[in-house]
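Okay, here's what each chain looks like letter by letter:
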Amino acid sequence: MSMLTFKKLSLLLGYFTIILLFAVLMFIFIGLVNKESNIDNKIISIKTKNSAQFPDMWHISKDGSKRYRIKAVSMKKTKDGSTILNRAQLWCFNKNDKPIYIKADKATIYKNNDIYATGNVYAKKDDINIYAKDAHWYNIKKILQSSLPFRGFSKKSKFKGKKFVYSSGNSKLTVYGVNIWIE
């Protein structure tokens, strides 16, 4: 065995320092990437807060078949258990189905997860895009409807009408008093 010379010792120390530097940089990089990929650190439980600014919440049903995401500028829980959201964005994800997205100036979510959205309502699922003054989402039936004038579009058509009923389960849009333009 040969003795460790100063030159070899310096070379080993240099390699060890480089490896240590790369390990520290990798640790910092992974920490930053994980921090950026998190949804948001401002997740608030409706059960514990009566009001909040900029809530971004996820809710998963007990059986795991439904997931909801709620974003808003402000949130207030009422005495009857409903939640009022200002400038709300809502997503409803059902297992093996595409999500439905609802955006509105104001939305009220009731205890049974029905939603009443008002003011510049925009709803989207699959290829259907609908703009209305208000809309009701009936959670158990998976129906979005409005009895006020609306307009909308899909890849193949543009339409407007007096009222609509959109069944999310079978992606069927029923419109009343409709004008349609097929592209």
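Numbering of residues starts from 1 in each chain and follows the order in which that chain's sequence is written. Restriction of local features to residues with pLDDT of at least 70 applies here, the model being predicted, together with a cutoff of 80 or more for giving and counting side-chain atom pairs; totals for whole chains, interfaces and linings are based on all residues. Side-chain metrics rest on all non-hydrogen atoms present in the structure, leaving aside hydrogens and water.

(A) Structural detail: the pattern of salt bridges. The working definition used for a salt bridge is a side-chain nitrogen of Lys or Arg within 4 Å of a carboxyl oxygen of Asp or Glu. In this structure the tally under the stated criterion is one salt bridge. Asp126 is the salt-bridge partner of Lys98, the closest N and O atoms lying 3.9 Å from each other. With a gap of 28 residues between them, Lys98 in the loop between β5 (83–94) and β6 (100–109) and Asp126 in the loop between β7 (115–125) and β8 (128–138) connect regions that are remote in the sequence. Throughout, exposure labels follow a simple rule: accessible area from a 1.4 Å probe, protein chains only, divided by the maximum for the residue type, with under 20% read as buried, over 50% as exposed, and the rest as partly exposed. Residue Lys98 is classed as exposed on the basis of its relative accessible area, which comes to 53%. Among the residues examined, Asp126 registers a relative accessible area of 31% and is labelled partly exposed. Here a strand is any run of E in DSSP of at least two residues, a helix any run of H or I of at least four, and the numbering for each starts at the N terminus.

(B) Structural context of the environment of His136. Structurally, His136 can be placed in strand β8. Between the alpha carbons of His136 and Val165 there is a distance of 9.5 Å; along the sequence they are 29 residues apart. In this analysis, two residues are considered to be in contact whenever any of their non-hydrogen atoms come within 4.5 Å of each other. Contact partners of His136, with chain neighbours within four places excluded, come to Ile115, Tyr116, Ile143, Leu144 and Gln145.

(C) Inspection of the packing of aromatic side chains at higher detail. Two rings belonging to Phe, Tyr or Trp (six-membered ring only in the last case) form a pair when the distance between their centres is within 6.5 Å. Interplanar angles under 30 degrees mark stacking, angles over 60 mark edge-to-face geometry, and anything in between is tilted. All chains considered together, the criterion is met by six aromatic pairs. Connected via pairs of aromatic rings, a cluster forms that spans Trp91, Tyr101, Tyr122, Tyr131 and Phe153. Lying over the aromatic face of Trp91, Arg69 brings its terminal NZ or CZ to 5.1 Å of the ring centre. Lying across the ring of Tyr176, Lys163 places its NZ or CZ 5.0 Å from the centre. Lysine and arginine charges are scored as sitting over a ring when NZ or CZ, respectively, is within 6 Å of the ring centre and within 35 degrees of the ring normal.

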